[in-house]
Amino acid sequence: MKRLTELLEKNREWADKINQEDPLFFETLAQQQAPEYLWIGCSDSRVPANEIVDMLPGELFVHRNVANVVVHTDMNCLSVIQYAVEVLKVKHIMVVGHYGCGGVAASIEQEAHGLIDNWLRNIRRVFQKHSDFLSVWDHSHQQLDRLCELNVIEQSVNVCETTIVQQAWENGQDLTVHGWIYGLSDGLVNDLEFNASGIAEVEEQYQLAMSKMNKLRELAEASDKGQQSPRSLWDKVKSIFN
Ligand code: CO
């Protein structure tokens, strides 16, 4: 029999340290959970939700799965969204992808991966929908970055199209859905500028986000097929639109 003694010891040390710094920390936290944000992100161990936005436990409600996919038949994800929206009354839902996502990469590989291919099929569909757009980058890592971004935008729309979010908006609830992507190599979040706060804004925000993606493609084509880092390309796009 094996026990995770080391981790359990670390847990005790951690709890002691927190108690010394703030004796009321756990007591306050245990009394209520009132986060304003629901984070839907990738399971990737390098993308820890509250740390990235420098928030404490209790400030962020979190759902993670492989490649931050939102499907309307996934009871797990839908239940999290329902609880967050209807009970916790979060004001923001952010879909947070990340560059270099292994799940997104696997979705367009030819080889079979078993069961997970059924899950990744959702991303492959995003790839097929935007195949013209993505063709500029061939099979480079730049293309993967763009697919990671497109996946965030499409999954953000999926969040907006859940009955839960639609109902909340019909009831006049203050709720915005955001599309973000995180850079493993620099620790920075890139706002993909999809920010929908109502039914009428979904298509508008989708078109706006896509027009920025198209501008990015234009710039990449003008340079040498996107040899520049996504960050510098995005900086240019944002300076054009703002
Ligand atoms: Co990932």
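Let me sum up the structure you'll find in this document. What you see is a predicted model; the values in this text were computed from it and never measured.

**Some remarks on the packing of aromatic side chains**
Here a ring pair, both rings aromatic, is described through the centre-centre distance and the interplanar angle of the planes. A full pass over the atoms with the stated rule returns four aromatic pairs. Measuring from centroid to centroid gives 5.5 Å for tryptophan 14 and phenylalanine 26, while their planes differ by 70°, and the two rings are edge-to-face. Pair noted here: tryptophan 14 is in helix 1 (residues 5-21) and phenylalanine 26 is in helix 2 (residues 25-31), with a separation of twelve residues, a long-range link. What makes tryptophan 14 partly exposed here is its relative accessible area of 40%. When the ring centre of tryptophan 137 is taken as origin, the NZ or CZ atom of arginine 146, which lies over that ring, is 5.6 Å away.

**A closer look at the sheet that holds strand 2 (residues 60-65)**
What the five strands build is an open sheet, ordered 2-1-3-4-5; its pairing is mixed. Only two strands of the sheet have a single partner each, and these edge strands are strand 2 and strand 5 (189-196). Put simply, the sheet's adjacent strands are angled 20° from each other on average, direction ignored. In terms of strand pairing, strand 1 (residues 37-42) meets strand 2 through six bridges, oriented parallel. Considered in strand 2, the bridge of tyrosine 37 is made with leucine 60.

**A word on the state of the cysteines**
Per the stated rule, a full pass over the model turns up zero disulfides. We note that cysteine 160 lacks a disulfide partner, and the nearest cysteine sulfur, in cysteine 77, lies 13 Å from it. Note on cysteine 160: relative accessible area 0%, which makes it buried.

Parameters at a glance
Residues numbered from 1 in each chain as written. Predicted model: local features only at pLDDT ≥ 70, side-chain atom pairs only at ≥ 80, totals over all residues. Heavy atoms only, no water. Phe/Tyr/Trp six-rings, centres within 6.5 Å; stacked < 30°, edge-to-face > 60°. Helix = DSSP H or I, 4+ residues; strand = E, 2+ residues; numbered from the N terminus. Buried < 20%, exposed > 50% of the residue type's maximum accessible area, 1.4 Å probe, protein only. Lys NZ or Arg CZ within 6 Å of the ring centre and 35° of its normal. Pairing = 2+ DSSP bridges. Axes fitted to C-alpha atoms, helices over the stretch in contact; angles between N-to-C directions. Disulfide = S-S within 2.5 Å.

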